[in-house]
Amino acid sequence: MKTENIYRSFGIEDSTFFYANQILDELKERFLKIDEIAEINQLKVIKAMQDARVSEACLLGTSGYGYSDIGRDTLEKVYANIFHTEDALVRPQITCGTHALALALMSNLRPGDELLSPVGKPYDTLEEVIGIRESKGSLKEYGISYRQVELLENGDFDFEGIKNAINERTKLVTIQRSKGYQTRKTLSVEKIGELIAFVKKIRPDIICMVDNCYGEFVQTIEPSDVGADMVVGSLIKNPGGGLAPIGGYIAGKKECVENAAFRLTSPGLGKEVGASLGVLKDFYQGLFLAPTVTANALKGAIFASACFEKAGFSVIPDSKEERFDIIQAVTFHKKEGVIAFCQGIQAAAPVDSFVEPQPWDMPGYDSQVIMAAGAFVSGSSIELSADGPIKPPYAVYFQGGLTFEHAKFGILKAFQAVKNAGLIKELS
Ligand SMILES: *Cc1c(COP(=O)(O)O)cnc(C)c1O
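In what follows, the accompanying structure is described. Residues take numbers from 1 onward in each chain, read along the sequence in its written order. A pLDDT threshold of at least 70 governs which residues receive local features in this predicted model, and a stricter bar of 80 or more applies before side-chain atom pairs are shown or counted, although totals over entire chains, interfaces and linings include all residues. Each side-chain value is derived from all of the structure's non-hydrogen atoms; neither hydrogens nor water enter the calculation.

Some remarks on the pairing of strand β11 (residues 368–373)
The test is simple: One bridge is not enough; two strands pair if DSSP finds at least two bridges between them. In this text, helices come from DSSP runs of H or I with a minimum length of four residues, and strands from runs of E with a minimum of two, each type numbered from the N-terminal end.
Pairing analysis gives two bridges linking strand β10 (residues 360–361) to β11, with the strands arranged antiparallel. Bridge pairing links Asp-361 to Gln-368 in β11. Relative to strand β12 (residues 385–389), β11 is paired through five bridges, and the arrangement is antiparallel. Looking at the pairing, Ile-370 lines up with Gly-388 of β12.

Here's what the structure looks like:
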């Protein structure tokens, strides 16, 4: 059977199929470069596992207190090897990315200290952690103050402003690698290195932390290779490879990780407790797959960018730009576009494909939001997913895809849905 016939049975018109395949042809060289990065990162992960002497026994778990959990302790060595850090904390008890970041901050800051973000506003959920938005248990409630320096108009660091913002109370600098759901550019690891070097020149004792969410394995180096004292992320994004069912990590200087461990469990207990239950095999295997899964997601993002760009929509990043995370934004300027796109992604899912997502009032958002997610791990955004707030400029944010084939299918379904809604006229 011809491929287009199969796609046709899924409601994809031949014109959409051939349009997309032509675009794919033009992306071949770009994809080869991504494969080269995946190859290097795959070897990096295998080397890290071999050096840590991962054994079959490591894949089993513990219960209760989890004393002497060899699998958990070895996995933390593997993470430390990958990130080239002194130590790491990788736990199912870290419930998500926000929790990992909150933990890293709260355990390394003390009352009277100041936190600085030199890259503008941090990710939405961190506003409550820091206390930018009032919240119970925020850093602010504990007497930890916060300062923020905006990026310059052109996206560069405001070095003068950063220098002026650093004072004797500045204890920790937080740098978000990915743009998240903002319109600024995502920072390359090299750029992050420049910023860290600048901060360390002013005060070498300031802890530099990087929110690494969505950035892992996109390049061959990580922020910890360019001076970050701590890198922090979620296992239901890139490093979990789609298999980790929960979890977060903090990799960094021994003292930073130790502080986080004592805060996660209890003073006096630290890393010694915390049963791994039955998740270790998925943590290991997911990490093993993470370089290629990330590469697939990256290809999906570029392919989506190219398809919608050529059809006349504004896309961030554009199809030619270098990429430093896996997020793709497409702007429709009409709510129908956002809705159709998300419904198309959902219809391509292996799980819950029969569900039609609708805009909804969600806690924490100031407008209705629509979300598409047909994932094996609930809320996993390394799996193919999309969401968009129903407000101008009516942009949709798209990420993930465990396989490129699935990402391609999802993008074709989304494109066809947008076309069926009458928002795409002619295909060249
Ligand atoms: C996803 C994300 C977070 C928060 O992670 P959750 O797992 O959703 O809590 C923080 N920062 C960035 C940049 C992210 O992409």
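What follows continues from the structure just given.
Topic: the packing of aromatic side chains
How we decide: Note on aromatic contacts: the rings of Phe and Tyr and the six-membered ring of Trp form a pair at centre separations within 6.5 Å, being stacked when their planes are under 30 degrees apart, edge-to-face when over 60 apart, and tilted otherwise. For every residue, the accessible area obtained with a 1.4 Å probe (protein chains only) is divided by the maximum for its type, and the residue is called buried under 20%, exposed over 50%, and partly exposed between those limits. Distance and angle both matter: a charge sits over a ring if NZ of Lys or CZ of Arg is within 6 Å of the ring centre and within 35 degrees of the ring normal.
Tallied over the full model, the rule gives 20 aromatic pairs. When the ring of Tyr-65 is compared with that of Tyr-67, the centres are 5.2 Å apart and the planes differ by 15 degrees; the resulting orientation is stacked. Judged by its relative accessible area of 49%, Tyr-67 is partly exposed. Seen from the ring of Phe-157, Lys-191 lies directly overhead, with NZ or CZ sitting 5.3 Å from the centre.

Thoughts on the side chain of Thr-16
Rules: Should any heavy atoms of two residues lie within 4.5 Å, those residues are considered in contact.
Following the sequence through the fold, Thr-16 ends up in helix α2 (residues 14–26). Of the residues examined, Thr-16 reaches a relative accessible area of 0% and is grouped as buried. When neighbours within four sequence positions are excluded, Thr-16 is seen to be in contact with Leu-412, Phe-415, Gln-416, Lys-419 and Leu-427.

Points about the packing of helix α3 (residues 28–51) against helix α10 (residues 280–310)
Rules: Axis lines are fitted to C-alpha atoms, over the contacting stretch for helices. Their N-to-C directions set the angle, which ranges from 0 to 180 degrees. Orientation categories follow fixed angle ranges, with anything under 35 degrees roughly parallel, anything over 145 roughly antiparallel, 65 to 115 roughly perpendicular, and all other angles oblique. Note on convention: the crossing is left-handed when the near helix lies turned anticlockwise from the far helix by less than a right angle, right-handed when the turn is clockwise.
Running from amino to carboxyl end, α3 crosses α10 at an angle of 165 degrees, the nearest separation of the two axes being 9 Å. What the angle tells us is that α3 and α10 run roughly antiparallel. Our pair here, α3 against α10, has a crossing hand that is right-handed. Two secondary-structure elements touch here, α3 through Arg-30, Phe-31, Ile-34, Asp-35, Ala-38, Asn-41, Gln-42, Val-45, Ile-46 and Met-49 and α10 through Tyr-284, Leu-287, Phe-288, Pro-291, Thr-292, Ala-295, Leu-298, Lys-299, Ile-302 and Phe-303.

Regarding the sheet that holds strand β2 (residues 114–117)
Pairing in this open sheet of seven strands is mixed, and the strands run β1-β7-β6-β5-β4-β2-β3 from one edge to the other. Looking at which strands have only one partner, the edges of the open sheet turn out to be β1 (87–91) and β3 (145–148). The sheet shows a mean angle of 20 degrees between the axes of neighbouring strands, taken without regard to direction. Here three bridges tie strand β5 (residues 207–211) to strand β6 (residues 230–234), and the two strands are oriented parallel to one another. For Val-210, the partnering residue across the bridge sits in β6 and is Val-231. Strands β1, β2, β4 (170–176), β5, β6 and β7 (248–252) of the sheet are contacted by helix α5 (residues 97–108), whose axis makes an angle of about 150 degrees with β6.

Some words on the pattern of salt bridges
The condition is simple: Each salt bridge in this description consists of a side-chain nitrogen of Lys or Arg and a carboxyl oxygen of Asp or Glu lying within 4 Å of one another.
Scanning all chains against the criterion turns up 25 salt bridges. With a shortest N-O distance of 3.6 Å, Lys-179 and Asp-325 are connected by a salt bridge. Of this pair, Lys-179 sits in the loop between β4 and α8 (189–202) while Asp-325 sits in the loop between β8 (314–316) and β9 (328–331), and the two are 146 residues apart along the sequence. Taken together, the salt bridges that share partners define one network made up of Lys-121, Asp-124, Glu-127, Glu-128 and Arg-133.

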